[in-house]
Each structure stands twice: as structure tokens, then as C-alpha cells.
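Residue-level structure breakdown
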Amino acid sequence: MKVGVVTFPGTLDDRDAARAATHAGTTAVSLWHNDADLKSVDAVILPGGFSYGDYLRCGAISRFAPVMEKIIDAANGGMPLLGICNGFQVLCEAHLLPGALTRNHELHFLCRDQKLEITNNQTAWTSSYKVGQEIVIPLKNGEGSFQCDDATLAALEGEGRIVARYVGENPNGSRNKIAGITNERGNVVGLMPHPEHAIDPLTGPTADGLAFFTSVLNAMVK
Amino acid sequence: MALDTVAIAQANPDTNQPFAELGLKGDEYARIKEILGRRPTSSELAMYSVMWSEHCSYKSSKVHLKQFGEKAVKTDALLVGIGENAGVVDVGQGYAVTFKIESHNHPSFIEPYQGAATGIGGIVRDILTMGARPIAVMDPLRFGPADAPDTRRVLPGIIAGVGGYGNCLGLPNIGGEVVFDETYIGNPLVNALCVGVMKHSDIKLAKAAGAGNLVVLYGAKTGGDGIGGVSVLASETFDATGPAKRPAVQVGDPFVEKVLIECSLEIFAEDLVVGIQDLGGAGLSCATSELASGGSGGMKVELDRVPLRDATLSPEEILMSESQERMCAIVEPKHIERFLEICKKWDVTVTVIGEVTDGERLEITWHGELIVDVPPRTVAHEGPVYNRPLAKPKYVDRVNAEVVNVPRPETAAQIKETVLKLAQPQTWQINLGLHLNMIVMFREIPFNHSQMILEWCVLTRKQIWELQSQPMPTLIGHI
């Protein structure tokens, strides 16, 4: 089972994402932003970083990368797709997910170990968790405040499409403490915190993030 | 200004040259003429002035700093020692770490954000230049008192510059120090440390060996930023009696640096370079003369081939430009095609600007005219060395006797206790002249705590002022 990890110029977490995918028992395949070629992978991760420098709106340029055309088509066809941090921003810019990520409400870059509650385990990336399970994984970004209009928020809540919420104080002003959401089909997930940095006790605060990557393995084996 | 060539310099020996304005003393200018056997061209004068500045040549501190090399315990673990871009230490199993710390004080005083940001950028390129992947940064900082107006001016920008540049490279800041003291009013110290990891076999050195090998400039285009920054900004503060000089701080682009890191590591992985040097202080003047000195000495450079952001730059300015995010590599002709391919993949501008020769001189041309013809060692390594007078300040013994020893705090409660202890009136008296002197290693302390510490600094400062019944100065805000 092959999981593609996209590298844009300015991507930072591609190596950790590939390591997490490998750790979960899948084969990580590097995908290049400028090649419209998915190398027959079964799922794709858009990792964190500052793609193309993010000097415009975060993710606004990346959505036009040649590899994204193929990814958008495949995701619309049901391929599991996970966007982490900058990857989540790219998914919103590409309209695969609703809403937008804006500056943290206190306008500071945040870096900390964050407690989350998994609120939907019916997606391709969260099936290994229990609903209500609390996990701790790193949160590190300056533009992680999830915003959308009231109708979209009502739809996300009504359809159970909120995948994870921040537990405790709202770290960045996200509406309804949203840390991650999914599309209607449940194959596309965007998540602001970083599960790929928490896959073993040696390198992460916990190993709580690993289940995102084992989930996708289960989703494809089924 | 008309082009000043070697031929013109020979024909017009008595032309007046602005050596003093460029920071050179009369005897230093005389020495350049002695080395060359003629007056320098304006391009040569630019190179010597910038390379012989205190900042680049360490002419006043060299006699002291070289003791680190001479007195160090000899060990096989030291794979690369003093003289290269950074030291390399064996850590076993074929792996090595390289790390280096460097100050970027005056640029950060002039323009806090860019000064601090390019401090990080420069130190990261030094580590990259050794052949290592940079993995983390640290930042020991010194500011004036927390409530001094100038601290309020520089601190937020410096913190944001260090954080912003490092974040965009994906490098965690794993620790630092902050000290507030009157000594640093108008002269904040901004130190940046970077650590990198590599295999022994990956070590790269700054040398241009092998006649016929190509000199390749890659990374950002050369612009007008930081021209004269090295000599004008960093050097004259020792005896600054003249008029204030125009700021010339470099501007960084961390995105270009991140791409440069990945591009360089891919090039290194395929073993495509003979030698490599980053461009930082003194730009091309430094990189070309140091690379040539590190090899047999001979190098030819066609300066007009350097890609420019500003087409109006003169050759002197191109030689002195401190535009960031540039590297200079020595590449065997058989590897150049692959080298160019990797740069193209990463969208990195790359240009062959010259070649290594079997001579002993660094020759630089501008549209075919020879404008620099120097022995490179005289530029890079054989600058003036001064033995300045030494005297131990009277306060040193007194201050050493007054050190307040507190155990290193590790939890939030311990940090609070330590801060309050340091701020007590008796400590305050002991630390006369030190408003609030506090050093806390941030390693192992979560981010939120470091913010708490800064808030407590302000609080305890307030308590001190209340204790002393003095009017309360304006406090810095949330930092």
C-alpha cells in the first residue's frame, strides 16, 4: 500500500510525514509539486510548511501546482487525502474542504503539545480512534484559526464533519474549537495539529498521532 | 563612475582614493599598495576594505581568538577545527555534528527584524556549507533594561526575526538565554547558533582546488542590499567619533534559503562539489578570496556574469553586496550538467562565473577588462593584526565575588521562585547597576513558560520600583 507525500518548495514536514507513513506499515512515496504524476499511490498526504513561501495567502499558490490537479481529481474519486497544517490550508484553497485558516487570534506563532478530542472516527484517517478519545500531538502554526460562515458551520456540525476539536482553552480562536474537518465523503481530512510529529515516544510527546496513518491502511485494506 | 581597471591603476598611480571613508587606516592603505606594487583599483580597494574590516578579519581579536585553536585539548573527535566555516565533532557510528554561534548585533540594533533574521540565515548557511543538514537553532540574547525605550524598540523585532526566519526553515529553536542589563542599551547582543548533523564522509570544505574546475554561484540574485554593511556597520563602532553612517542592513528571504538548503543537500548527496562557501559578510569578495586561498590560489572570475536584481550595480558594489541566500561552489566540469539540473529542479538561479586556474592570483574581469588582480591570501587571511593595549577592568573582581548562585530552575514554580529571588532588594543591592540580571536556559522548559518569565520580569521590575518609591517608567507590553 503506497502513500504519497507531496513536496512543494518550502515544505518542511515531508520527511516526518513519510516517516510516519512508513512507521504505520505503508510505503511512503515522494511526490514532486511540479510533476503531474501520482506514481499510482493509494493515498496522499499534503504536509506542513510554507509552500512557495506562503507570501500570498497560505496555500493560495500551491493549489495551482501541477501535482494538485491530479490530487484534486483523485480525491473527488474517493482517494484518501490528508492535509496537515499548510496542507489543510491548501485543501481549503483548493475547495476540497470548506472554510479558511486565518491568523491565530492572538496574532502569535504557537508551538505546543495540544490536547484534542477525536469527534468523528468514520473518516479514512480516523477509523483507528474511538469517538471521544483524547490525544496529545504538537500544534505549531501562525495561521491556524479555522473560520467559516454560519451556514457552513451548521452544516459541518449537523453532518458530523468535525474530525477533532481542541480540548481546554481555544488556542487560536477557531470557530467551535475546530482542529480538523472532513468532506462529505470522509476521504479528505484537514487537520491543523501535527500527528506525524507524534508517532513514537522517542521523537514525539506521545505516539497518539500514529493512528491517523494506521487508519488509512485499514481504510484501504477494507 | 568610470570603470577603474588594473591598466588604469598602473598608468595613474597618484589618483586620490577614498580609503579612509571605506574604513581603512593610512598604513593599511600603504600596505595594500606595497602588496600590489601599485595603487589598488577601486574594486580591489572595495575588497580589501571590506575583508580587512574588524568584522571580517578580526584584526583586533585574532591574537586572542586563535588561542582557542592553540590551547584546545588535542582529540581525534574534532574532525574540523578552527579556520573553516564551522567545527565538526565526531559523535560515533559514522555520524558527526557541526555547530557554530555568531553574533549579528549591530544590524539588529539598526533594523531589529531583518538584522536578527539574517543572523539566523547566515549561521544556518555556515552549517549547510560544512555539508550538514541544519536541525536546530538557539538564540542567546542581551538587551538593555526591560523598560528602557530602546529595548521596547528592538526586542519585539529581534524576537520575531529569529522566530520568523527559523520557523520558515522548519528549524526548532531549542533554547536560548535572555539577560536585561544597562550595559546593553544601544548595543543589544543577538547571537544565533545553529547545529547540523552529517556523516563523516559528507564533510565539505571551503577550497578551490583543481585547475579547470568551475566556480559556480547559485541561490538568490545579487542586489544592492547590505553594500558596505560589513565594514561600515560592524567595524567602526570601536571608535565612532565621525558622522553616523547610512544603515546598510541585509534583507532575508527564508523561503529562498529553505529551497537553497534542500537543493544543496541534493547536490552534496551526489558528491558534485570539490569545495563550497556561503556568501555572507563581504559577499563575493569574501567567497572568492577565501575559496581561492583554500586551494592553490588561482581563480578567474567574470564578474559581469553574476545575475543581478539591480542592473545598475557597479562592479565594486557587486563585490561588496551582502545579498542573502547565495552560495559559491567549485565543481568539476564533468559534474556541471548534473549540478545545473538539480538547481533547475529547485528553481534556483545558477551561473558559472569563473574557473580555478593553476596560477596564484585571483583575477576578476568586468566585460573583459581586468579589474582585480591580487594574491587571494592577502585579501582573505593576511590582513592587518593588532595587539591592542589590555587592562583588566576594576569592576571584574568585585562582580565575580558577588555572583548569586541559584540552582537551574526547571518547573514553572521553580522559575517563579528564582525570578523573585533574583529581584529581592538585597539581591538588587548586590547587583547594583544590573537592573534585573536573569539567565534562564529555556531547554526543557515549555514555550508558555518562557513567555511567563518575560511577564514576570516586568512584574518584578514593577515591584522593585515600588519598593524604591521611584516613579514607574513605561513598561514594555506583551512580548
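Here the structure is a predicted model, which is why all the values come from computation and not from measurement.

1. Observations regarding the overall build of chain A
- In terms of regular secondary structure, chain A is built from five helices and 11 strands.
- A globule of 222 residues ought to have a C-alpha radius of gyration of about 17 Å, and chain A, at 15 Å, matches this closely.
- If you line up chain A on its principal axes, its C-alpha atoms span 40 × 35 × 35 Å.
- Residue pairs at least 24 apart in sequence account for 74% of intrachain contacts in chain A once pairs closer than 6 positions are excluded.

2. Topic: the packing of helix 9 (residues 149–169) of chain B against helix 11 (residues 254–269) of chain B
All names here are of chain B.
- Running from amino to carboxyl end, helix 9 crosses helix 11 at an angle of 35 degrees, the nearest separation of the two axes being 8 Å. Along this stretch, helix 9 crosses helix 11, giving a crossing that reads as right-handed. The residues of helix 11 that touch helix 9, namely those facing Tyr165, Cys168 and Leu169, are Pro254, Phe255, Glu257, Lys258 and Ile261.
- By residue class, the composition of the contact of helix 9 with helix 11 is six nonpolar, no polar and two charged.

3. Description of the interface of chain B and chain A
- Contacts between the two partners involve 12 residues from chain B, matched on the other side by nine residues from chain A.
- Breaking the side of chain B that touches chain A down by element, the ones donating at least two residues are helix 9, helix 11 and helix 19 (447–467) of chain B.
- When its residues are assigned to classes, the side of chain B that touches chain A shows six nonpolar, four polar and two charged.

4. Some details on the confidence of the model for chain B
Residues and elements named next belong to chain B.
- For chain B, the average pLDDT comes to 83, and 80% of its residues sit at 70 or higher.
- Ignoring residues within four places in sequence, the model shows residues 229–247, a span with pLDDT below 50, making 38 contacts including any to other chains.
- Predicted complex, confidence summary: ipTM 0.93, pTM 0.85.

5. Details of helix 14 (residues 336–345) of chain B
Residues and elements named next belong to chain B.
- When we look at burial in helix 14, the residues that qualify are Phe339, Ile342 and Cys343. Viewed end-on, helix 14 has its buried residues packed into an arc of 100 degrees, placing them on one side of the element. In helix 14, the exposed residues that point more than 90 degrees away from the buried face are Glu337, Glu341 and Lys344.
- Looking at the buried side of helix 14, the elements it contacts are strand 7 (214–219), helix 11, strand 10 (326–331) and strand 11 (350–356).
- Positive phi appears at Asp347, one or two residues downstream of helix 14, with a value of about 55 degrees.

6. Remarks on helix 12 (residues 283–294) of chain B
All names here are of chain B.
- Taking 1.5 Å of rise per residue, 12 residues should cover 16 Å, and helix 12 covers 17 Å from first to last C-alpha, within 8% of that figure.
- Most of helix 12 sits out of view: 12 of its 12 residues are buried.
- Taken as a whole, helix 12 has its buried residues at Gly283, Leu284, Ser285, Cys286, Ala287, Thr288, Ser289, Glu290, Leu291, Ala292, Ser293 and Gly294.

7. Digging into the nonpolar core
- Core analysis: the largest hydrophobic core is formed by 110 residues, its most contacted members being Met51, Val215 and Val216 of chain B.
- Residues contacting Val215 of chain B, with those up to four places away along its chain left out, are Ala208, Met299, Val301, Cys328, Ile330, Ile353, Gly354, Glu355 and Val356 of chain B.
- Core analysis: the second largest hydrophobic core is formed by 67 residues, Phe8, Cys92, Ile181 and Phe212 of chain A among them.

8. A look at the environment of His55 of chain B
- With respect to the helices, strands and loops of the structure, His55 of chain B is situated in helix 4 (residues 54–57).
- Counting along the chain gives 226 residues from His55 of chain B to Gly281 of chain B, while the straight-line C-alpha distance between them is 8.2 Å.

9. Focus: the packing of helix 8 (residues 112–129) of chain B against helix 9 of chain B
Residue and element names in this part refer to chain B.
- Taken N-terminus to C-terminus, the directions of helix 8 and helix 9 make an angle of 35 degrees; their axes are 7 Å apart at the nearest point. Handedness of the helix 8/helix 9 crossing: right-handed. Facing helix 8, whose interface residues are Pro112, Tyr113, Gln114, Gly115, Ala116, Ala117, Ile120, Gly121 and Val124, helix 9 presents Val154, Gly157, Ile158, Ala160, Gly161, Val162, Gly164, Tyr165, Gly166 and Leu169.
- Residues that form the contact of helix 8 with helix 9 fall into these classes: 12 nonpolar, seven polar and no charged.

10. Some remarks on the pairing of strand 1 (residues 2–7) of chain A
All names here are of chain A.
- With five of six residues buried, strand 1 is to be regarded as a mostly interior element.
- Taken together, the six bridges between strand 1 and strand 2 (residues 27–32) define a ladder with parallel strand orientation. Across the sheet, the residue bridging to Val3 is Ala28, located in strand 2.
- Regarding topology, helix 1 (residues 14–23) serves as the crossover connection from strand 1 to the parallel strand 2, and that connection is right-handed.
- In this structure, strand 1 lies alongside strand 3 (residues 43–46), joined through three bridges in parallel fashion. Each bridged residue has a counterpart across the sheet, and for Val5 the counterpart in strand 3 is Ile45.

11. What to know about the sheet that holds strand 1 (residues 78–80) of chain B
All names here are of chain B.
- One open sheet holds the six strands; their spatial order is 1-2-3-6-4-5, and the pairing between them is mixed. The open sheet has two edge strands, strand 1 and strand 5 (173–180), and neither has a second partner. Going from strand to strand, the sheet's axes swing by 25 degrees on average, the running direction of each strand aside.
- Here helix 8 sits on the sheet in contact with strand 3 (95–103), strand 4 (133–143) and strand 6 (189–199), set at roughly 25 degrees to strand 6.

12. A few points about unusual backbone geometry
Residues and elements named next belong to chain A.
- The backbone phi angle of Leu107 is positive, close to 65 degrees, even though this residue is not glycine.
- Within the fold, Leu107 resides in the loop between strand 5 (100–102) and strand 6 (110–118).
- Even without being a glycine, Asn176 presents a positive backbone phi close to 50 degrees.
- If you trace the backbone, Asn176 turns up in the loop between strand 9 (162–166) and strand 10 (178–182).

13. Focus on the sheet that holds strand 11 (residues 188–191) of chain A
All names here are of chain A.
- The nine strands lie next to each other as 2-1-3-4-11-10-9-6-7, forming an open sheet whose pairing is mixed. For this open sheet the edge positions go to strand 2 and strand 7 (134–141), each flanked by a neighbour on one side alone. Mean inter-strand twist for the sheet, computed between neighbouring axes without regard to direction, equals 25 degrees.
- Contacting strand 1, strand 2, strand 3 and strand 4 (81–84), helix 1 runs over the sheet at an angle of about 175 degrees to strand 1.

Quick notes on the rules
Residues numbered from 1 in each chain as written. Chains lettered and ligands numbered in written order. Predicted model: local features only at pLDDT ≥ 70, side-chain atom pairs only at ≥ 80, totals over all residues. Helix = DSSP H or I, 4+ residues; strand = E, 2+ residues; numbered from the N terminus. Rg over C-alpha atoms; globule rule 2.2 N^0.38 Å. Contact = placed C-beta atoms within 7 Å. Axes fitted to C-alpha atoms, helices over the stretch in contact; angles between N-to-C directions. Left-handed = near helix turned anticlockwise from the far one by under 90°. Nonpolar A, V, L, I, M, F, W, Y, C, P; charged D, E, K, R; others polar. pLDDT = per-residue confidence, 0-100. Buried ≥ 20, exposed ≤ 12 C-beta atoms within 10 Å, placed from the backbone. Arc of directions from axis to C-beta. Expected span 1.5 Å × (residues − 1). Core = buried A, V, L, I, M, F, W, Y, C linked by C-beta atoms within 7 Å. Pairing = 2+ DSSP bridges. Right-handed = clockwise from strand over helix to strand, strands pointing away.

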